[in-house]
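# Results of the structural survey
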Amino acid sequence: MPRALLFNPPSGNYIRDDRCQVPADAISSSLRAPMDLLYCATILENRGYRCRLVDYPGAGRGLEEYLRDLREFAPDLVLASVTTPTLPEDMRCLEAAKRLRPGALTIAKGAHFIVRDDEAMARYPQLDVAVRNELEKAVDEIAAGLPRAEIAGITWRDGGSVRRNPDRPQIRDLDWLPLPNRRLLDNSLYVRPDTNEKQATIVTSRGCPKSCTFCLVKVVTGRPIGRRSPRSIAAEIESCVRDFNITNFYFRADTFTWYHEWVSEICDLILARGLRVNWVSNSRADTLTDELLAKMRAAGCWMLGLGIESGSEEILRRIKKGITKDDARRAAELCRRNGIKTYNFFILGFPWDDERTVAETVDFAIELNSDFVEFHTAYPFPGTELDETAKNLGLFEAADIHGSDVMTSPMRTLHLSSERVGELRRQAIRRYYLRPSYVSRTLSGIRSPRVLANYVRKGIALLRSLSH
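These remarks concern the structure in this document. (Residues numbered from 1 in each chain as written. Predicted model: local features only at pLDDT ≥ 70, side-chain atom pairs only at ≥ 80, totals over all residues. Heavy atoms only, no water.)

## A word on the overall build of the protein chain
Each helix and strand counted, the protein chain has 16 helices and 17 strands in total. What you see for the protein chain is a C-alpha radius of gyration of 22 Å, in line with the 23 Å of a compact globule of 468 residues. Taking the principal axes of its C-alpha atoms as reference, the protein chain extends roughly 60 × 55 × 40 Å. Here the protein chain, with 468 residues, has 60% of them falling under the buried criterion. Put simply, of all contacts in the protein chain between residues at least 6 apart along the chain, 73% involve residues at least 24 apart. Looking at the protein chain as shown, the accessible area adds up to about 18,400 Å², and 48% of this sits on carbon and sulfur atoms. Taking the 68 positively charged and 62 negatively charged side chains of the protein chain as two groups, their mean positions are separated by 3 Å. (Helix = DSSP H or I, 4+ residues; strand = E, 2+ residues; numbered from the N terminus. Rg over C-alpha atoms; globule rule 2.2 N^0.38 Å. Buried < 20%, exposed > 50% of the residue type's maximum accessible area, 1.4 Å probe, protein only. Contact = heavy atoms within 4.5 Å. Areas by Shrake-Rupley, 256 points an atom, 1.4 Å probe, with all protein chains shown as cover. Lys, Arg positive; Asp, Glu negative; His and termini not counted. Charge placed at Lys NZ, Arg CZ, Asp CG, Glu CD.)

See below:
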């Protein structure tokens, strides 16, 4: 029986959802399960492989444990989930795989390879296959033994040359994906941040029709939204509750609330099946209504993540966000009215940002007064419009994107150094979370000593991260 090792490399504790490459230790939320790898592992099992899936940083396991697994498990196929910030270190892990298992097929997936695949293949001879799009289909066809020249969406090594196959069209009907075998995961690693209860990620849809200049979604999954059927989603929720005693969920979607009827049907099925669950997801500020939020709340939604990005109307226009500040205000009020907490995301350091626009953004974050907030720094992910704009303006050195991330971007603005942007981010976090009114409101809503302890632990970790 062939063996496959699928893993998050021991190169940094990142959320590695391709479009979301965020250091998990520096955010208010929590680590998420590597669902892309889990789908691939399930597919490989169905093709006769014995699979091991390891989230090395999430489990607190380092390079030595990874090397031991290579020796003892002796995989024939190695699949690494790669981020742009950790690319060189991730490739060193594949180099070790080639050294210890010379005959193993090494595969890497990640948004970086969609536009920098040729460069990566030339620089890292230990990489046999880079998957650019529709990962699960590519892995299925590799496992089925299809000639690599016939597998769409991959770049691969053919002897001494590198071949780039045509892109694979986006798959719109995601019901072809198998029910993921969660027994391959250490489910205890992925928890709801406030209660520390197990929290499962369920992939519900992929894609977003919008054109935000900084976002990887249209690079990774495309503009059309591919969806799973509500019945497929409800069946997976039911399986998690029944087989794993998991009742908390993150519904992974680039724009969950785009199709109201679809969301409503998911909620109806949760209610009809008597599933007493709690869940969160991401949304856009301009897609919410009272009716939709009331249905979501009844079905267990307790929090929504909203990408607000900036408090400057000028910056919002330049980044093609497609919302106004009034849209954000309305979304905040709708969520409050329906008893749903909000987790707002902002980005500091766009090319046109100066002290004034950053101050506007922080002031606006405080005005919206969400339950949780994230301040990132603008990071030029390869393939995004922001990357092209910043390169044309000479705002960063290409080599500096490795070893930095959305918390420590190497990109400066036309008016601010990257160091100043970083300092403004740290000031924004302190100013937001250390407000007496915020602390008082948060503490007054806590009903359990365990939840209080988790809030304190998360708060300390967040503040400590600001000293780096």
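## Some words on the pattern of salt bridges
Summed over the entire model, instances satisfying the criterion amount to 41 salt bridges. Between Arg-61 and Asp-69 there is a salt bridge, with the nearest N and O atoms lying 3.1 Å from each other. Residue Arg-61 is classed as partly exposed on the basis of its relative accessible area of 26%. With its nearest N and O atoms 2.8 Å apart, the salt bridge here joins Arg-329 to Asp-326. Taken as a pair, Arg-329 and Asp-326 lie in helix H11 (residues 325–337) at a separation of 3 residues, close to a single helical turn. Using a relative accessible area of 30% as the deciding quantity, one classes Arg-329 as partly exposed. A relative accessible area of 51% places Asp-326 in the exposed class. Look at the salt bridges and you will find they share partners, linking Asp-17, Asp-18, Arg-32, Asp-36, Lys-109 and Arg-252 into a network. (Salt bridge = Lys/Arg side-chain N within 4 Å of Asp/Glu carboxyl O.)

## So, the packing of aromatic side chains
For the coordinates displayed, the defined rule picks out 18 aromatic pairs. Ring centres 6.0 Å apart and planes at 80° place the aromatic pair Phe-7 and Tyr-56 in the edge-to-face group. Here the residue Phe-7 occupies a position in strand S1 (residues 3–8), and Tyr-56 occupies one in the loop between strand S4 (50–55) and helix H2 (63–73), the gap between them amounting to 49 residues. Grouping aromatic residues by their ring pairs yields a cluster made of Phe-249, Phe-251, Phe-256, Trp-262 and Trp-279. Lying across the ring of Trp-176, Lys-137 places its NZ or CZ 4.2 Å from the centre. Sitting above the plane of the Tyr-259 ring, Arg-227 keeps its charged end 3.9 Å from the centroid. (Phe/Tyr/Trp six-rings, centres within 6.5 Å; stacked < 30°, edge-to-face > 60°. Lys NZ or Arg CZ within 6 Å of the ring centre and 35° of its normal.)

## Details of the sheet that holds strand S7 (residues 129–131)
Strand pairing within a sheet occurs via backbone hydrogen bonds; the two strands may be parallel or antiparallel. Read from one edge to the other, the open sheet built from 7 strands follows the order S4-S1-S5-S6-S7-S8-S9, with strand pairing classed as mixed. Taken across any chain shown, the strands that pair with only one partner, and hence form the sheet edges, are S4 and strand S9 (161–164). Averaged over neighbouring strand pairs, the angle between their axes works out to 15° when direction is ignored. Packed onto the sheet, helix H3 (residues 87–100) meets S1, strand S5 (77–81) and strand S6 (105–109) and runs at close to 165° relative to S6. (Pairing = 2+ DSSP bridges. Axes fitted to C-alpha atoms, helices over the stretch in contact; angles between N-to-C directions.)

## Here's the deal with helix H8 (residues 260–272)
For H8, built from 13 residues, the straight-helix expectation of 18 Å at 1.5 Å per residue is met to within 8% by its first-to-last C-alpha distance of 18 Å. Of the residues making up H8, those classed as buried are Trp-262, Val-263, Ser-264, Ile-266, Cys-267, Leu-269 and Ile-270. Tucked inside the fold, the buried residues of H8 contact strand S11 (205–206), strand S12 (226–227), helix H7 (230–244), strand S13 (248–252), strand S14 (278–283) and helix H9 (290–298). Gly-274 occupies a position one or two residues after H8 and carries a positive phi of about 65°. (Expected span 1.5 Å × (residues − 1).)

## Things to note about the environment of Asp-363
Structurally, Asp-363 is set in helix H12 (residues 355–368). Among the residues examined, Asp-363 registers a relative accessible area of 40% and is labelled partly exposed. For the pair formed by Asp-363 and Tyr-432, sequence separation is 69 residues and the distance between their alpha carbons is 9.2 Å.

Everything listed here is a matter of coordinates, which is why it stays silent on function.
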